[in-house]
Amino acid sequence: MKNNNALITKILLSLCVLHSVPGARGFTPASPFKTHHGQNNLIRSSTTTTLNYHKAAGHAMPAIKLDPEEAKLQANLAEHQQNAPRLGWATDIRTLVQYNHGFAVMSTISKSDPGFPGGSVVGFAPDVDGRPVFCFSGMSTHTQDLLANPKCSVTIAAKEFKGAADGRVNLMGTCKLVPTAEDREACKEIYRKKHPGAFWTDFGDFNWFRMEIEKIRFVGGFARAGSVTPEEYKDAKPDAISEFGMQIASHMNDDHQEATIAMISNEIPGMEVKEAMITSVDALGMYVKVTRTPRASDQPQQSKLRLPFPRPATDRKDVRTIIVEMTQAAAAAAEK
């Protein structure tokens, strides 16, 4: 019990330091578990989401014979994950685009090589409606492509992207020159906030483009792929907790991974993992990449699971409080 109390105290003190970091911005959901069509675009479970977004067909998996105890654990895990609160897909996508590092892959219809697509890594910033804004040189091949044919797609990966288990979105539509001086100034302000060192935005041979989104394809990780409409995307708001969520995730991964492992064991009985790395934190919980060796196997496996909060977090301080509460609950359960 003494060791558990020491662990909780250590996390509490270190999260206090995180809470004091300036520049954090929080929000308070008016009704945290409204469906996709509610103002906050938050959903309670994946069962609900099938009614609220256009879900793609899943992969066919071959039948695998499991150890009985492992089969029971997998059934419990599946039920837990199905009921774990998640952001709605439109919110998830808006969040990914908003807090991305500001670079993406743009695919255009090549002017110089007819019949082939062109691809470029480009800087962008989302406007208030989530539309990507760009500042392109007149000499760039993608600029010439867009002037000849504005149809394009932009592929944006989550800021924490490291592999197939992480989120990415493909926006399709048309990208055209911003028509008015007033709009161009607004685009410049948005872009410079995302890219403060973008001195080229003052050059006369650089032009402002804005994308009008017509189709959206989203992959949130394994077995999580589909789409939302442009209207759903526009109406959604980015999750404010995610803006500083990676700071919390990095701190927990560096200093308190044992607490994350304990929280998982308490939340999902029988789920014993050797490694637990938080990949993202939002208002409703955390995604965690875990490493474990299934029963009757000698090969470690990695997967990503959802670790929900007991209630929606409203700001940085509240995230700290919730994590401490979850750590305390895990410690108490371990003592029984």
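From a predicted model like this one, the values you see are computed outputs, not experimental measurements.

**Student:** I'm lost on the sheet that holds strand β13 (residues 285-292) in this one. Help?
**Tutor:** What links the strands of a sheet is backbone hydrogen bonding, and the strands pair in either a parallel or an antiparallel sense. Spatial strand order, β12-β13-β14: three strands in an open sheet with antiparallel pairing. Whereas interior strands pair on both sides, the edge strands pair on one side only; in this sheet they are β12 (275-282) and β14 (301-308). On average, adjacent strands in this sheet sit at an angle of 20° to one another, irrespective of strand direction. Both β12 and β13 contribute to a ladder of seven bridges, which runs antiparallel. Its bridge partner being in β13, E275 is matched across the sheet by T291.

**Student:** What is the right way to read the pattern of salt bridges from this model?
**Tutor:** With the rule as written, the count across this model stands at 11 salt bridges. Of the charged contacts, one joins E70 and R292 as a salt bridge, the two residues approaching to 3.0 Å between their closest N and O atoms. One end of the pair, E70, is in helix α3 (residues 68-83); the other, R292, is in strand β13, with 222 residues separating them in the sequence. One exposure class covers both E70 and R292, and it is buried. One salt bridge in this structure joins D183 and R210, with 3.8 Å as the shortest N-O distance. Within this pair, whereas D183 is found in helix α6 (residues 181-194), its partner R210 is found in strand β10 (residues 206-221), the two being separated by 27 residues in sequence. Residues joined by salt bridges that share partners form a network here, namely E70, R292 and R295.

**Student:** Explanation requested: the environment of G221 in the structure shown.
**Tutor:** Residue placement: G221 occurs in strand β10. With 57 residues separating them along the chain, G221 and A164 place their C-alpha atoms 6.1 Å apart. Once residues within four sequence positions are removed from consideration, G221 is found in contact with A164, A165 and D166.

**Student:** Explanation requested: the pairing of β10 in the structure shown.
**Tutor:** The side chains of a regular strand alternate between both faces of the sheet. Bridge count for strand β7 (residues 132-137) against β10 is five bridges, and the pairing is antiparallel. Within the sheet, the bridge partner assigned to S137 lies in β10 and is F206. As paired strands, strand β9 (residues 168-177) and β10 are joined by 10 bridges and run antiparallel to one another. Within β10, the residue paired with N170 across the bridge is R217. Note: β10 against strand β11 (residues 224-227), three bridges, orientation antiparallel. Across the sheet, residue G221 finds its bridge partner in β11, namely R224.

Scoring rules and cut-offs
Residues numbered from 1 in each chain as written. Predicted model: local features only at pLDDT ≥ 70, side-chain atom pairs only at ≥ 80, totals over all residues. Heavy atoms only, no water. Pairing = 2+ DSSP bridges. Helix = DSSP H or I, 4+ residues; strand = E, 2+ residues; numbered from the N terminus. Axes fitted to C-alpha atoms, helices over the stretch in contact; angles between N-to-C directions. Salt bridge = Lys/Arg side-chain N within 4 Å of Asp/Glu carboxyl O. Buried < 20%, exposed > 50% of the residue type's maximum accessible area, 1.4 Å probe, protein only. Contact = heavy atoms within 4.5 Å.

Everything listed here is a matter of coordinates, which is why it stays silent on function.
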